[in-house]
Every structure is written in structure tokens, then in C-alpha cells.
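Okay, here's what each chain looks like letter by letter:
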Amino acid sequence: MISLLIEKYAPPGNGLGFYQDKAVFVPQTVVGDEVLVTVEKEKKRYIIGRLEEVVKPGSKRRQLPCSHYAECGGCDLLQLSYSDQLELKKEMLVQVLAGAGIQAAVNMVAAPSEFYYRHRVLFRRDRQSGEFGFLRRRSHQVAVVPDCLILAQVMKSLLAKLTALPMLPKKMTACYGLASAAGNFAAAAEIGRKYQAIPGISETVSENYGFGDLELAASGFAQANPAITRLMISELMKNCVDACEVAELYGGSGTFSLPLATIAGNLTVYESDPAAASRGRRNAARNGLENVRMVSGRVEKKSLPKALDTLVVDPPRSGLQPVIIEKMVKSRASRLIYISCNPATLARDLARLEAFDNGFVLDSLKAYDMYAGTTHLEVMAVLKR
Ligand SMILES: C[S@@+](CC[C@H](N)C(=O)[O-])C[C@H]1O[C@@H](n2cnc3c(N)ncnc32)[C@H](O)[C@@H]1O
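Attention here is on the structure that accompanies the text. Source: prediction; values computed, not measured. (Residues numbered from 1 in each chain as written. Predicted model: local features only at pLDDT ≥ 70, side-chain atom pairs only at ≥ 80, totals over all residues. Heavy atoms only, no water.)

**Observations regarding the sheet that holds strand E11 (residues 172-179)**
Here comes step 1: Spatially, six strands are ordered E10-E9-E8-E11-E12-E13 in an open sheet, and the strand pairing comes out antiparallel. Two strands close off the open sheet at either side, each with one partner strand: strand E10 (142-143) and strand E13 (194-196).
Here comes step 2: Examined bridge by bridge, strand E9 (residues 132-135) and E10 share two bridges and lie antiparallel to one another. Looking at the pairing, Leu135 lines up with Val142 of E10.
Here comes step 3: Lying on the sheet, helix H2 (residues 153-164) is in contact with strand E8 (120-125), E9, E11 and strand E12 (185-191); it crosses E11 at an angle near 145°. (Pairing = 2+ DSSP bridges. Helix = DSSP H or I, 4+ residues; strand = E, 2+ residues; numbered from the N terminus. Contact = heavy atoms within 4.5 Å. Axes fitted to C-alpha atoms, helices over the stretch in contact; angles between N-to-C directions.)

So, in C-alpha cells, the structure goes:
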């Protein structure tokens with residue numbers, strides 16, 4: 001066991017102390033904490049520690065609101081008040097951007113609700129008991145958390161329904177759950193590497209972010225926090241108000257496409273998952289949006305429309321491939337809205353986009369607290385030539 005003082009934070013929000021000249025990263029700590037830590041992983045220059053005991057709390061440590069916090073890997077920042085969480089997330093984002101040479105004023109948008117916000121989640125299933133929960137921190141074991149603080153109440157109804165189903169396949173290792181803001185839920189079982197419907201539970205929900213009905217599948221991508229998604233849509237609309245020819249890369253089933261289609265003359269949406277692209281097509285048709293063209297397949301292999309003024313991208317955590325960046329820079333678009341769930345790849349890509357002659361330069365940036373209680377956030381960056 002190591003005894004140390006948490007001196008500062010390191011991205012994405014772990015406490016950082018030093019032991020015999022080695023950096024020790026300790027999740028779930030605050031600056032000023034004197035802690036006892038066990039070594040989970042040791043490398044030449046650093047250690048990843050597990051918090052065992054807070055000997056003396058730092059001044060910003062609050063009473064933990066969740067009794068499962070130490071065992072469950074779902075949250076990382078519950079030891080801080082909500083305003084301190086926001087402050088820390090902002091500081092971490094600024095640090096990550098600065099590391100890539102990007103200086104930015106970060107405007108942080110708080111979640112309307114700190115708790116009970118999460119409408120999409122991957123439940124893991126305990127092999128022995130068959131119960132559903134979340135992975136323990138740095139482990140493959142499952143923590144069962146029936147009174148989870150961040151899950152929307154409707155997701156607890158889904159959990160109860162799953163638990164009551166008599167004949168779930170033994171090989172089901174996980175389950176994607178999705179709930180609409182209106183309170184309907186859907187689920188998909190993970191069996192092997194495939195997703196299957198669960199008899200008695202819908203595979204899809206109908207969501208409405210204010211731009212028509214949107215069918216979303218539990219097995220496909222969907223945003224996790226409807227309240228924050230609405231705020232992001234409204235900001236996206238403001239930034240695209242005079243857009244005419246728009247390309248949306250990584251469009252999913254149309255969360256951002258439906259609103260964009262109401263202002264764009266033409267909208268071309270690229271999505272690699274054929275099921276999501278088909279749903280996107282149906283979602284546009286159902287809402288009478290005739291100006292949307294859904295292109296199914298990896299965007300790396302597709303060409304962008306010739307006449308283009310606005311690009312909107314919302315890539316997975318891995319960010320943008322260099323080939324996509326090149327395509328976007330060569331396009332005629334004068335504006336790029338980059339929505340990101342990973343500050344590290346966003347920072348890398350912003351630097352790459354800027355490095356071209358007549359590349360895209362960061363104009364403004366807002367960070368949205370889509371996942372309160374955790375180190376995760378969503379960022380919307382607006383870039384101009
Ligand atoms: C972060 S999600 C965003 C989806 C959508 N914007 C939304 O909010 O629902 C990223 C999406 O990109 C898709 N995707 C991943 N790699 C892709 C690629 N190379 N080309 C096109 N789409 C891709 C995924 O299937 C997923 O739907």
C-alpha cells in the first residue's frame with residue numbers, strides 16, 4: 001500500500017500524486033486528499049493506483065452520494081460537487097487542447113439534471129447470478145447497482161423487466177438499453193458479438209427532439225442524455241442558420257439530420273452502419289423531409305458533394321481519419337461543425353485541420369456535460385476557413 005498526497009489532476013480527471021519520483025494516477029480522488037492506494041498497474045514512469053482509504057480529505061471532497069461508488073466503474077467524479085465537476089472537466093479539456101497547440105476559451109454547458117439523466121446504457125450480465133449491472137472499475141466483474149444515481153428512472157423499469165424475464169439465453173453477456181425522454185424503453189441482447197431482440201421488449205423507441213419522430217434502435221447508436229441532446233441541437237441550428245448545401249458525416253439514424261434538414265437546402269448524410277442508415281432514411285421520409293440523401297457505407301470511400309457550404313461531423317471516439325480531413329479541407333465548405341465525445345482525438349484533429357493551407361481554424365467551442373458524474377463530455381467545435 002502506498003501513502004500519498006493528491007497534488008493535481010491529470011486528464012481525463014484522475015487525481016495525481018507522486019511516489020518515489022513516479023507519477024501515481026488515482027481515480028475518484030480530489031486535490032488535497034491524503035490517501036492510501038494499492039498499485040493496480042506499474043510502468044517505468046507511472047503507477048495506476050486504486051483508492052483504498054482517504055486518510056485526510058481534500059477541501060473539495062464531498063459526502064459521496066452513491067453507496068456503490070467504490071466498486072462500480074460507472075462514475076468517476078461523484079466525490080466533487082457538481083459545480084466542481086464542471087470546473088474540473090473544463091480545466092481538463094483546456095489542458096488536452098493546449099497539448100495539441102489549440103488555445104480555446106471553453107464555454108461549459110451544465111446538465112439540467114446531475115442525476116437520473118442516462119437514457120442509453122450497456123448493462124453487463126453477471127455469469128453466475130444472471131443479474132445486470134455495470135463493470136467494476138478495471139475489472140470484468142459485474143457490480144449490480146439497482147439504485148444507480150445516474151440511470152433515468154425508466155431504465156430502472158427496463159432493468160426490472162429484464163430481471164423478471166424467465167428465459168433469457170444463458171449466453172447473453174450484456175444488454176443495450178435505450179429509453180426515450182417520453183419514457184418508453186427498448187433493449188437488445190448481446191450474444192457472442194451479435195445483437196438480438198429480446199422477446200417481450202421492443203428493439204426500438206420513438207424519440208422526438210422537437211423536429212419530428214425519430215426511430216432509434218437499442219442496438220444502434222443513440223445519444224445518452226436527451227436533455228443535453230436538445231441543447232446541442234439548438235446550438236447546431238444556430239451555427240447552421242444560413243446553411244444551404246450541407247454534408248453530415250457519421251449521421252447515425254438522424255438525430256442531427258432531422259433538425260439540419262429543416263434549414264438546409266440539401267443535406268447529404270453519411271453513415272457506415274446499414275441498419276442505422278436505413279432507419280435514417282425512414283426517419284427522413286416519415287417526417288416528409290425530401291431534401292435528405294442518406295449514403296450508406298464508410299465515408300472514407302465516398303466522395304463529398306461538389307457544391308457544399310457546411311460540414312457537420314460526429315465521429316466515434318477514434319475521431320477523423322487523415323483521409324477524411326483531407327477530403328473536408330479540399331471540399332468547398334467554408335464552415336465545419338465538429339461534434340466530439342473524445343477531447344484527445346478532437347484536439348489532434350483540430351491541429352491537423354489547421355495545419356493545411358486554407359484549412360479550418362477553430363472559431364468557438366462549447367462543452368456539454370452529457371455524462372454528469374463521469375469524466376466524459378461532448379464538445380461542439382465550430383471551425384471556419
Ligand atoms: C458518435 S455516433 C454519432 C451518430 C449520430 N450523429 C447521432 O447523434 O445519433 C458515430 C456514428 O458514425 C458511424 N460511423 C463510424 N465509422 C464510420 C465511417 N467510417 N463512416 C461513416 N460512418 C461511420 C457509426 O455507425 C455511428 O452511427
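Still more ground to cover, so stick around.
**A closer look at the site of the ligand**
Here comes step 1: Around the ligand, 17 residues are found, and the nearest of them are Gln223, Glu271, Val299, Glu300 and Asp314.
Here comes step 2: The contact in question runs from a nitrogen atom of the ligand to an N or O atom on the backbone of Val299, over 3.0 Å.
Here comes step 3: When the free accessible area of the ligand is taken as 590 Å², the share hidden by the protein chains comes to 89%.
Here comes step 4: Per-class residue counts for the shell around the ligand are six nonpolar, six polar and five charged. (Near = heavy atom within 4 Å. Polar contact = N/O pair within 3.5 Å; in protein donor to acceptor, adjacent residues only side chain to side chain. Areas by Shrake-Rupley, 256 points an atom, 1.4 Å probe, with all protein chains shown as cover. Nonpolar A, V, L, I, M, F, W, Y, C, P; charged D, E, K, R; others polar.)

**Topic: the nonpolar core**
Here comes step 1: The biggest cluster of nonpolar side chains holds 109 residues, and the ones touching the most others in it are Phe123, Leu249, Leu311 and Met328.
Here comes step 2: In terms of domain composition, this core takes at least three residues from each of domain 2 (86-113 + 225-384) and domain 3 (120-217).
Here comes step 3: Excluding its chain neighbours within four sequence positions, the residues that come into contact with Met328 are Leu249, Leu304, Leu311, Val313, Leu320, Leu336, Leu353, Phe360 and Arg385.
Here comes step 4: Val26, Val35, Val37 and Ile47 belong to the second-largest nonpolar core, a separate cluster that totals eight residues. (Core = buried A, V, L, I, M, F, W, Y, C linked by side-chain atoms within 4.5 Å. Buried < 20%, exposed > 50% of the residue type's maximum accessible area, 1.4 Å probe, protein only. Domains from an automatic or database assignment.)

**Topic: the sheet that holds strand E6 (residues 46-56)**
Here comes step 1: One open sheet accounts for six strands, arranged E1-E5-E6-E4-E3-E2; its pairing is mixed. Only two strands of the sheet have a single partner each, and these edge strands are strand E1 (2-5) and strand E2 (8-10). On average, adjacent strands in this sheet sit at an angle of 50° to one another, irrespective of strand direction.
Here comes step 2: Sheet topology places strand E3 (residues 14-19) next to strand E4 (residues 22-26); five bridges connect them, and they run antiparallel. Along E4, the bridge assignment pairs Phe18 with Ala23.

**A word on the packing of helix H1 (residues 82-99) against helix H7 (residues 343-355)**
Here comes step 1: The geometry of H1 relative to H7 is characterised by a closest axis approach of 8 Å and an angle of 35° between their N-to-C directions. In this structure, H1 meets H7 at a crossing whose hand is right-handed. Of H7, the residues touching H1 (which contributes Leu93, Val96 and Leu97) are Pro343, Ala344, Ala347 and Leu350.
Here comes step 2: A per-class count over the contact of H1 with H7 returns seven nonpolar, no polar and no charged. (Left-handed = near helix turned anticlockwise from the far one by under 90°.)

**With respect to the pattern of salt bridges**
Here comes step 1: The final tally for this structure, using the stated rule, is 19 salt bridges.
Here comes step 2: Asp33 is paired through a salt bridge with Arg61; the nearest N and O atoms lie 2.7 Å apart. Taken as a pair, Asp33 in the loop between E4 and strand E5 (34-42) and Arg61 in the loop between E6 and H1 lie far apart in primary sequence, 28 residues in all. Pair check on accessibility: Asp33 and Arg61 agree, each one buried. (Salt bridge = Lys/Arg side-chain N within 4 Å of Asp/Glu carboxyl O.)

**Things to note about the packing of aromatic side chains**
Here comes step 1: In total, this model carries four aromatic pairs according to the counting rule given.
Here comes step 2: Positioned above the aromatic ring of Phe221 is the side chain of Arg120, whose terminal nitrogen or guanidinium carbon lies 5.3 Å from the ring centre.
Here comes step 3: When the ring centre of Phe360 is taken as origin, the NZ or CZ atom of Arg385, which lies over that ring, is 4.1 Å away. (Phe/Tyr/Trp six-rings, centres within 6.5 Å; stacked < 30°, edge-to-face > 60°. Lys NZ or Arg CZ within 6 Å of the ring centre and 35° of its normal.)

**Concerning the packing of helix H6 (residues 322-330) against H7**
Helix packing for two helices is described by the angle between their axes and how far apart those axes are.
Here comes step 1: One way to put it is that H6 packs onto H7 with a least axis distance of 10 Å and a crossing angle of 40°. Considering their axes alone, H6 and H7 lie oblique with respect to each other. You can see that H6 and H7 cross each other, and the crossing is right-handed. When H6 is examined against H7, the residues Pro322, Ile325, Met328 and Val329 are found in contact with a partner set consisting of Asp349, Arg352 and Leu353. (Parallel < 35°, antiparallel > 145°, perpendicular 65-115°, else oblique.)

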